[in-house]
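Secondary and tertiary structure notes
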2 protein chains.
Amino acid sequence: MKVLIIGGVAGGMSAATRLRRLNEKAEVVVIERGPHVSFANCGLPYHIGGTIEEREKLLLQTPESLHARFNLDVRIQTEALKVNPEEHIVVLKDLRSGKTYEEKYDRLILSPGASPIRPPLPGIEHALTLRNIPDMDRINRHLENSRAEQAVVIGGGFIGLEMAENLVHRGLKVHVVEAGPQVLAPLDPEMAALVQKEVVKQGIKLHLMDALHSIEDQGKRVVLKSGETIPADLIILAIGVKPEVALAKDAGLKLGERGGILESDTLQTSDPDIYAVGDAIEKINLAGEAGLIPLAWSANRQGRLIADHISGRTIHVGHQLGTAIVKVFDLTVATTGLNEKQLQKSGRPFAVVHTHASSHASYYPGAETLSLKLLFNRTTREIYGAQAIGKEGADKRIDVIATAIRGGILADELSDLELAYAPPYSSAKDPVNMLGYMAENLLEGLPTVQWHEVNPEDILLDVRDPHEYTRGHLRGAINIPLNQLRSRHQELPAGPITAYCQVGLRGYLATRLLRQLGHEVRNLDGGYTTFKLGRPDQVTEPVKS
Amino acid sequence: MKVLIIGGVAGGMSAATRLRRLNEKAEVVVIERGPHVSFANCGLPYHIGGTIEEREKLLLQTPESLHARFNLDVRIQTEALKVNPEEHIVVLKDLRSGKTYEEKYDRLILSPGASPIRPPLPGIEHALTLRNIPDMDRINRHLENSRAEQAVVIGGGFIGLEMAENLVHRGLKVHVVEAGPQVLAPLDPEMAALVQKEVVKQGIKLHLMDALHSIEDQGKRVVLKSGETIPADLIILAIGVKPEVALAKDAGLKLGERGGILESDTLQTSDPDIYAVGDAIEKINLAGEAGLIPLAWSANRQGRLIADHISGRTIHVGHQLGTAIVKVFDLTVATTGLNEKQLQKSGRPFAVVHTHASSHASYYPGAETLSLKLLFNRTTREIYGAQAIGKEGADKRIDVIATAIRGGILADELSDLELAYAPPYSSAKDPVNMLGYMAENLLEGLPTVQWHEVNPEDILLDVRDPHEYTRGHLRGAINIPLNQLRSRHQELPAGPITAYCQVGLRGYLATRLLRQLGHEVRNLDGGYTTFKLGRPDQVTEPVKS
Ligand SMILES: Cc1cc2nc3c(=O)[nH]c(=O)nc-3n(C[C@H](O)[C@H](O)[C@H](O)COP(=O)(O)OP(=O)(O)OC[C@H]3O[C@@H](n4cnc5c(N)ncnc54)[C@H](O)[C@@H]3O)c2cc1C
Ligand SMILES: Cc1cc2nc3c(=O)[nH]c(=O)nc-3n(C[C@H](O)[C@H](O)[C@H](O)COP(=O)(O)OP(=O)(O)OC[C@H]3O[C@@H](n4cnc5c(N)ncnc54)[C@H](O)[C@@H]3O)c2cc1C
Ligand SMILES: CC(C)(COP(=O)(O)OP(=O)(O)OC[C@H]1O[C@@H](n2cnc3c(N)ncnc32)[C@H](O)[C@@H]1OP(=O)(O)O)[C@@H](O)C(=O)NCCC(=O)NCCS
Ligand SMILES: CC(C)(COP(=O)(O)OP(=O)(O)OC[C@H]1O[C@@H](n2cnc3c(N)ncnc32)[C@H](O)[C@@H]1OP(=O)(O)O)[C@@H](O)C(=O)NCCC(=O)NCCS
């Protein structure tokens, strides 16, 4: 059995090592165009920023180490030029000698990854992208040689924000340009607003709803679609990646709508002797739709699964949650499953709860606000997704919810998860439990209203204390503090009420109370905090005292 | 509907507030013997140590605040003396006036908690216990007045170790005395050994397999069973708690074998109009056995469930994992489900995997070793429990596994959990995924051997590098580094081999390889690291160079 693997990093090398573990006799050849294999793509921005000081730390393996341990035939600086599926042959080119030669295979694994998108705009050749070690070295050299003071990052996605942060750490003044109305597209807008606040707080100039028009003056000036120009010593292009499918397409393998390689649930392409893995392929999300989920977890996992299948084991790849996480300065931003946009598109009926909880017991030092959003089916109670943002514990809560989704745990059953509690780590009711309770109340029929649904015709009832109300409230809201509601509810005008507090808890208590007292009332989910993130124009200016 | 609640802290007050949320008209009376309600028991040690500076932070609510918000009738310094189930009456005593009176109820909730165990030993009156605010104040006063320099903590459980740590923070020299062979009984011994190392490293003198014999010299000297005496300025007794069942017993309610109040899965006692919750009741663990799980999560959760049931909702309490966590200086120690001792007792066939992973990508600064243990059924693959110890990320992994257990995810399916990965948070294969892979390999029949099973007759093969071998190895082991095994395996004597490395990964690779080369070989699970923790006497002394 001879297995040829194209691409020697996450997906490809995971397949190679597992193949060897299962089969000492298989011939395993790994072809890699670049000068490195098995490097830590995900660490690249952090070496630029200086957090990861030693460049060597990013080079996890070498062809030699992989040969010594796994008896792999790893050929770097070798490009696969063409696949001939009928004859089971790949044409390879040694990029050092320029020589071209052929290699036979019994099974072929494509793990060519993805390449940064480069729109054909004037001056685009001056923008640098980041995908591999040479890219990183190039950026570092540029920074060293140019004594750069100001950088423009095009794209407010995961890699764009990581680069922006790391350039700030390196002492640059940084602009981020994002064509969409928000950063980090997997988040819903009111959650992304929290990230934007952080980015701006850290001194980054954020240009939303604006895009690159051209690069002028030998790469020293960025011109935006809006006409704005920004002087730049360094321009990073990070508007996304596109699957590397040239080889696959040329070989006649089926591609999907989203431009990735199309596969069966055994990770075989339309040619059963050719497998594909990683950023190059299309994956199925929780809504059953094909999408690109260019993340390391699935590349590593599916690389292993391919090796299993080639070795005669049964595998089955189902849908993928696309759990993702990114550090943005002091914040951790994490998400799993589907967001509102995806749910709307898929036509699924969903409900939402937001909370702004304490990352651990509030009486124990260091507790930080953790903003959480849960999306679930209003009828079947199935969890669709979640988003978490905070300085502490966001990763934990998203991992728990991702696990809950995988285990078929329903939204209201999150309350029943026995999570570890001691004051430094959580509360006796963990924020995830709280999401479960909130979901239960909503499913029971206790009405809530989302930040974008607030009806200005409703009576807006602020149940916080007067000093909170004074600091800022929903335009038109009246204030009766929760603890006075039992005795003062007669003051409320007739008509439907939207009650709210700071994060939703007191608003919920008010809703329970007022309903029993005969009022028609809904609670503003996530309270003033979520509302203000989503509709900052609809709250009073902070009154400075 | 009149509901009387005895005990105004975790279980009782959770029931009271939920009752009010569901029913504005119910009469809810909360009876509390002590001077405080709704306080943060779990924070008490940290105020003694000074981490939680303000005492007020521990007092989450007062009778007044609970009246204002929830219209509760909260009576502190009032003791319930007797329950008369037939007449639905409780006899109460106002501890300030000394007056006794009766109160009727429709439903009664017992949430009296547990009290620290006090063995009748000579001088025991000099030992202080910690359960509530007055206890804490007493310890603090003692510390202030006596200018204590040395403390003895009797008991190496959760509260014992929390107290020990906090007394160290307060500048005391601390001894911990534990009758058993290890601290933290829910852990298995090789895992507890890690905690013991930390405790000793932090300057605590640990006395295992020794117990309190008597306290002499007006509380200034502790005498142990072994005969050893320790001078003491402060003696803390923390050998566990026993359920407060006097009222329940006297009222004729059924008690269980473990001494707690016995209940149905609707949290009703043998009298259906009387519910009980919290530390006073018996719970059913994953093995179906009754036990005491005196933790805040279940008190809070079940308090709410009782209110639901009283309000006519359907509830069902199943078994409990007993997920628990404690900070021990720089370490986090967390556990869920069953440990080896419990599994052995219950007669369930189980398998174990250990790993010592990196808490996040090892190339990103701050990564720390995270030791994990997973227990599962060898046939059904059901997860039974897990233990985690490390400086970072132990809480997250235990919460994920607790969720997986609740969701019926099988041991090998842990590999398929899509957990959030970026370098500051995890690895592309999270340590929990790795447990899944390891479980899969074991279930597939790839043999491992546990630290306590190593057969000294076996050929012990150390596959680490020579410098690791030299630093310390299993007595009698030979050394062939993994990367030389393909070419040197003929050197191996005939007979069954136990291969090992530092944490188990290279030993696993060696096992895969050697089996294919025709050897009979097993991998030492958890490697040298776990072995040394469990059997420190069976390794060579570190060779100082
Ligand atoms: C800066 C950066 C940060 C990231 N951070 C994260 C993160 O925090 N978390 C996360 O989950 N993911 C992150 N990712 C994504 C993650 O690295 C990828 O999802 C993963 O590497 C995909 O694996 P792959 O095997 O599909 O592709 P790659 O790892 O990109 O490997 C593909 C390899 O194939 C080679 N190749 C392509 N075509 C040919 C050819 N014709 N012949 C020979 N060789 C060829 C390429 O040179 C390349 O080295 C990050 C990526 C980058 C660039
Ligand atoms: C120091 C300490 C640290 C802890 N740390 C943690 C931790 O980190 N994590 C965790 O999960 N758990 C922890 N716990 C345990 C947790 O506090 C308990 O599990 C929880 O409080 C149990 O709730 P409960 O309602 O059953 O009892 P309690 O909260 O103890 O409340 C019982 C109340 O009933 C009152 N009472 C008893 N009898 C009568 C009577 N006859 N009449 C009137 N009143 C009566 C008592 O005065 C007491 O205030 C800790 C406990 C202590 C003491
Ligand atoms: C480095 C690389 C080749 C490693 O691949 P790998 O050998 O599959 O992975 P690991 O070294 O993590 O080892 C995992 C194996 O060890 C086993 N293992 C791990 N810890 C173990 C332990 N303590 N005891 C026993 N076995 C253990 C696992 O079961 C698994 O084996 P299996 O797949 O046969 O079940 C590959 O991950 C790679 O190229 N990574 C860099 C690129 C990348 O991932 N980039 C994106 C992220 S930055
Ligand atoms: C303080 C105490 C009375 C609080 O009880 P509680 O009111 O049940 O709990 P919380 O204040 O956390 O509020 C939870 C409620 O608010 C709801 N809620 C929480 N956040 C919300 C939000 N953002 N929006 C809407 N509702 C929210 C929950 O759904 C829940 O209501 P439900 O039970 O009706 O579903 C009780 O926990 C207590 O006495 N604690 C101290 C003692 C203790 O627990 N000790 C051990 C640990 S130290």
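A quick note: this is a predicted structure, and the numbers were derived from the prediction, not measured.

Criteria and thresholds
Residues numbered from 1 in each chain as written. Chains lettered and ligands numbered in written order. Predicted model: local features only at pLDDT ≥ 70, side-chain atom pairs only at ≥ 80, totals over all residues. Heavy atoms only, no water. Helix = DSSP H or I, 4+ residues; strand = E, 2+ residues; numbered from the N terminus. Expected span 1.5 Å × (residues − 1). Buried < 20%, exposed > 50% of the residue type's maximum accessible area, 1.4 Å probe, protein only. Contact = heavy atoms within 4.5 Å. Buried area = accessible area lost by both parts, 1.4 Å probe. Salt bridge = Lys/Arg side-chain N within 4 Å of Asp/Glu carboxyl O. Polar contact = N/O pair within 3.5 Å; in protein donor to acceptor, adjacent residues only side chain to side chain. pLDDT = per-residue confidence, 0-100. Pairing = 2+ DSSP bridges. Axes fitted to C-alpha atoms, helices over the stretch in contact; angles between N-to-C directions. Phe/Tyr/Trp six-rings, centres within 6.5 Å; stacked < 30°, edge-to-face > 60°. Lys NZ or Arg CZ within 6 Å of the ring centre and 35° of its normal.

Attention shifts here to helix α8 (residues 296–310) of chain B. Residue and element names in this part refer to chain B. Compared with the 21 Å implied by 1.5 Å per residue over 15 residues, the 21 Å span of α8 between its first and last C-alpha is a close match. Summarising burial for α8: 15 of the 15 residues are buried, a large majority. Immediately downstream of α8, the backbone of G312 shows phi near 95°, a positive value.

Glancing now at the interface of chain A and chain B. Taken together, the contact pairs 79 residues of chain A with 79 residues of chain B. The contact between chain A and chain B buries some 7400 Å² in all, and 54% of this surface belongs to carbon and sulfur atoms. Considering only the side of chain A, the residues that lose the most area to chain B are W297, Y363 and E418 of chain A, jointly responsible for 12% of the buried surface there. At the junction of chain A with chain B, the criterion picks out 16 salt bridges. In this structure, the salt-bridge partner of R486 of chain B is E24 of chain A, at a minimum N-O distance of 2.5 Å. Taken together, the connections running from chain A to chain B amount to 36 residue pairs in polar contact (both at pLDDT 80 or more). For the side of chain A that touches chain B, the elements supplying multiple residues, two or more each, are α1 (10–22), α3 (63–70), α8 (296–310), β20 (324–328), β21 (331–337), α10 (394–406), α11 (431–443) and α14 (505–516) of chain A.

A separate point is the confidence of the model for chain A. For chain A, per-residue confidence averages 97 on the pLDDT scale, and residues scoring 70 or more make up 99% of the total. Both confidence scores are given for the complex: pTM 0.98, ipTM 0.98.

Looking now at the sheet that holds strand β24 (residues 383–390) of chain A. Each strand in a sheet pairs with another by means of backbone hydrogen bonds, the pair being arranged parallel or else antiparallel. All names here are of chain A. A sheet is described by the order of its strands in space; here five strands give the open sequence β20-β21-β24-β23-β22, paired in antiparallel fashion. Because the sheet does not close on itself, it has two edges, and the strands there are β20 and β22 (350–358). Strand-to-strand twist in this sheet, taken as the mean axis angle between neighbours without regard to direction, amounts to 10°. Strand direction decides the pairing type here: strand β23 (residues 369–377) and β24, joined by seven bridges, are antiparallel. Across the sheet, residue S371 finds its bridge partner in β24, namely I389.

Right, let's get into the side chain of N140 of chain B. Residue and element names in this part refer to chain B. Within the secondary structure layout, N140 lies in helix α4 (residues 133–146). Classification of N140 as buried rests on a relative accessible area of 9%. Here R170 takes part through its side chain, which lies 2.7 Å from a polar atom of the side chain of N140. Contacts of N140, omitting those with residues within four sequence positions, involve H47, I48 and R170.

A few words now on the packing of aromatic side chains. Residues and elements named next belong to chain A. By the definition in use, this model includes four aromatic pairs over all chains. The interplanar angle of 20° and the centroid separation of 6.4 Å between the aromatic rings of Y500 and Y528 together place this pair among those described as stacked. Here Y500, found in strand β28 (residues 497–500), pairs with Y528, found in helix α15 (residues 527–534); they are 28 residues apart in sequence, far enough to count as distant. Taken as a pair, Y500 and Y528 share a single burial class, namely buried. Sitting over the ring of Y528, R464 keeps its end group 4.5 Å from the ring centre.

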